[in-house]
Amino acid sequence: MWMETLKSFLWIALELTVLFVVISFVISLLQGYIPYEKIEKKLVGKNKLLAAFFALFFAFITPFCSCSTIPVVVNMLKQKLPFNIVMIFLFASPVLDPTILTIMGVILGWKVTIIYTVLTSVFSVVIGFTLGALGFERAIKNVVMSGYNEKNQKFNFKLAFKETWDLMKSVYPYLLIGAGIGAVIHGTVPTEWISDAFGKDAWWLIPIAAIVGVPLYIRLSSMIPISQILIAKGMALGPVMAMLISSAGASLPEVILLKSIFKKELVITFVLSVITMSTISGFVFYLI
């Protein structure tokens, strides 16, 4: 049994390593040619829908986890960007990582990845505009930002390798953790048990998974290999995706950081919004 688990871990780890290194390197090369200054000008434009689109695009091209998104949010607020646009970026950035989305497409399938991308994008825009319309801008604290450095230079191969290495140091361990957990589930947990307990009829797991995902802080990079094994074992797609979205969108460390720039009412609303987004998205996946 343990030999099977080890073989499963090595195969998953190898697959993820190749995907991660290649995709990260290519994205690092391409990011140097993205016109960040032009995008920032679009974010403050009068066309709100166009600004929302560019906020999503900016979130997509900046591969940050939920915690590292915060300094960028502070910088955007400091530059007096519209509150609703900043909120769209805050919700979208940790769930629209280009490297992880590509790996998700290869591992979980492009249909799942496209639906995931559309759902998280639409919810980010709707929630951002709703919070703006409800006047939550009043719940921003005065924050002085330091230590933030925005990159805007063209990459060469040497710098791309450095970026890939830096990204590996911060994200790759979580991929391996996810591969290890997935391998243990694959080798030790009976397929029939997961299928019977958490299969298609277990719709009630969706809101539970969405709530549990926040304090667990299972990063998106860890959840993908775990999700692959759980789905292969027969677990319903709905609760798996609900936990994946909530754990990526509102981790406990991120909530603690948000308390330093937002008042309590906005922090609570942020967490409830992520749980709502995760739950509804989970039911969409449940129905497909």
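The notes below deal with the structure included here. Along each chain, numbering runs from 1 in the same order as the chain's sequence is written. For this predicted model, a pLDDT threshold of at least 70 governs which residues receive local features, and a threshold of 80 or more governs which side-chain atom pairs are given and counted, while totals over whole chains, interfaces and linings are taken from all residues. With hydrogens and water stripped out, all remaining heavy atoms of the structure feed into the side-chain values.

## Quick word on the overall build of the chain
- When helices and strands are counted, the chain shows 14 helices and zero strands.
- Helices and strands in the chain line up, N terminus first, as α-α-α-α-α-α-α-α-α-α-α-α-α-α.
- Across the 288 residues that make up the chain, the buried fraction comes to 52%.
- Contacts are assigned to residue pairs with any non-hydrogen atoms lying within 4.5 Å of each other. Within the chain, residue pairs in contact and separated by at least 24 positions form 85% of the contacts whose partners lie at least 6 positions apart.
- Accessible areas in this description were obtained via Shrake-Rupley with a 1.4 Å probe; residue shielding takes into account the shown protein chains only. Carbon and sulfur atoms make up 70% of the accessible area of the chain, which totals about 13800 Å². Helical segments are the DSSP runs of H or I of at least four residues, strand segments are the runs of E of at least two, and each set is numbered from the N terminus. Exposure categories follow from relative accessible area, calculated using a 1.4 Å probe and restricted to protein chains: below 20% of the type maximum is buried, above 50% is exposed, and the middle band is partly exposed.

## Considerations on the side chain of Ser121
- On the secondary structure map, Ser121 appears in helix α7 (residues 110-133).
- Side-chain polar atoms of Ser121 contact the backbone oxygen of Thr117, separated by 2.7 Å.
- In contact with Ser121, other than residues within four places in its own chain, are Leu56 and Leu96. Two N or O atoms form a polar contact when they lie within 3.5 Å of each other; inside protein one atom must be a possible hydrogen donor and the other a possible acceptor, and for residues adjacent in sequence the pair counts only when both atoms belong to side chains.

## As for a nonpolar patch on the surface
- On the surface, Val106, Trp110, Ile114, Val118, Val122 and Val126 cluster together to form a nonpolar patch covering roughly 550 Å² of accessible area.
- Here the nonpolar patch gets five residues from one element, more than from any other, and that element is α7.
- Note that Val118 resides in helix α7.
- Look at Val118 and you get partly exposed, because its relative accessible area is 47%. Like charges within 9 Å and nonpolar side chains (Val, Leu, Ile, Met, Phe, Trp, Tyr) within 5 Å are joined into patches, using only residues over 30% in relative accessible area that form no salt bridge. By salt bridge we mean one thing: a side-chain nitrogen of Lys or Arg within 4 Å of a carboxyl oxygen of Asp or Glu.

## Here's the deal with α7
- Its 24 residues place the ends of α7 34 Å apart at the C-alpha level, agreeing with the 34 Å of an ideal helix rising 1.5 Å per residue.
- Considered for burial, the residues of α7 that qualify are Val112, Thr113, Tyr116, Leu119, Thr120, Ser121, Phe123, Ser124, Val125, Ile127, Gly128 and Leu131.
- With its phi angle positive at about 80°, Gly135 sits one or two positions after the end of α7. Every helix has an expected span of 1.5 Å times one less than the residues it contains.

## Focus: a positive patch on the surface
- Side chains of Lys141, Lys259, Lys263 and Lys264 sit close together on the surface and give a patch of like positive charge.
- Mapped onto the elements of the fold, Lys141 is located in the loop between α7 and α8 (157-188). When charges are tallied, Lys and Arg are placed among the positive residues and Asp and Glu among the negative ones, while His and the ends of the chain are skipped. Every charge is mapped onto a representative atom, which is NZ of Lys, CZ of Arg, CG of Asp or CD of Glu.

## Structural notes on the packing of helix α5 (residues 83-92) against α7
- Orientation of α5 relative to α7, taken along the N-to-C sense of each, is 145°, at an axis distance of 8 Å. Crossing of α5 against α7: the hand is right-handed. Contacts between α5 and α7 involve Phe83, Asn84, Met87, Ile88, Phe91 and Ala92 from the first element and Ser124, Val125, Ile127, Gly128, Phe129, Leu131 and Gly132 from the second.
- Polarity classes work like this: nonpolar for Ala, Val, Leu, Ile, Met, Phe, Trp, Tyr, Cys and Pro, charged for Asp, Glu, Lys and Arg, and polar for all others, with Gly in that last group. In terms of residue class, the contact of α5 with α7 is built from nine nonpolar, four polar and no charged. Note on geometry: axes are lines fitted to C-alpha atoms, helical ones only across the stretch in contact, with angles between N-to-C directions running from 0 to 180 degrees. Two helices cross in a left-handed way if the nearer one is turned anticlockwise from the farther one by less than a right angle. They cross in a right-handed way if the turn is clockwise.

## A short note on the nonpolar core
- Nonpolar cores are built from buried Ala, Val, Leu, Ile, Met, Phe, Trp, Tyr and Cys residues. Side-chain atoms within 4.5 Å join them into one set. The biggest cluster of nonpolar side chains holds 68 residues, and the ones touching the most others in it are Tyr116 and Phe262.
- One finds Ala202, Leu205, Ile226 and Met235 within the second-largest nonpolar core, a separate group that totals six residues.

## Quick look at the packing of aromatic side chains
- Pairs were defined over the aromatic rings of Phe, Tyr and Trp, the Trp ring being its six-membered one, requiring ring centres within 6.5 Å. Orientation was assigned from the angle between planes: stacked under 30 degrees, edge-to-face over 60, tilted for the rest. Summed over all chains, the structure comprises four aromatic pairs.
- Measuring from centroid to centroid gives 6.5 Å for Phe283 and Tyr286, while their planes differ by 80°, and the two rings are edge-to-face. Highlighted residues: Phe283 and Tyr286, both in helix α14 (residues 264-287), separated by three residues, approximately one helical turn.
- For Arg138, the ring lying beneath its charged end belongs to Phe136, and the centroid distance is 5.1 Å. Put simply, a charge is over a ring when the Lys NZ or the Arg CZ is close to the ring centre, within 6 Å, and near the line of the ring normal, within 35 degrees.

## Some thoughts on the packing of helix α3 (residues 48-61) against α7
- Remark: α3 packs on α7, axes separated minimally by 11 Å, with the N-to-C direction vectors making an angle of 125°. Between α3 and α7, the interaxial angle falls into the category oblique. Between α3 and α7 lies a crossing of right-handed hand. For the pair formed by α3 and α7, the contact residues are Lys48, Leu49, Ala52 and Leu56 on the first element and Ser121, Ser124, Val125 and Phe129 on the second. Just so you know how the angles are binned, under 35 degrees is roughly parallel, over 145 roughly antiparallel, 65 to 115 roughly perpendicular, and the rest oblique.

Interpretation note: all reported values are geometric properties and have no functional meaning in isolation.
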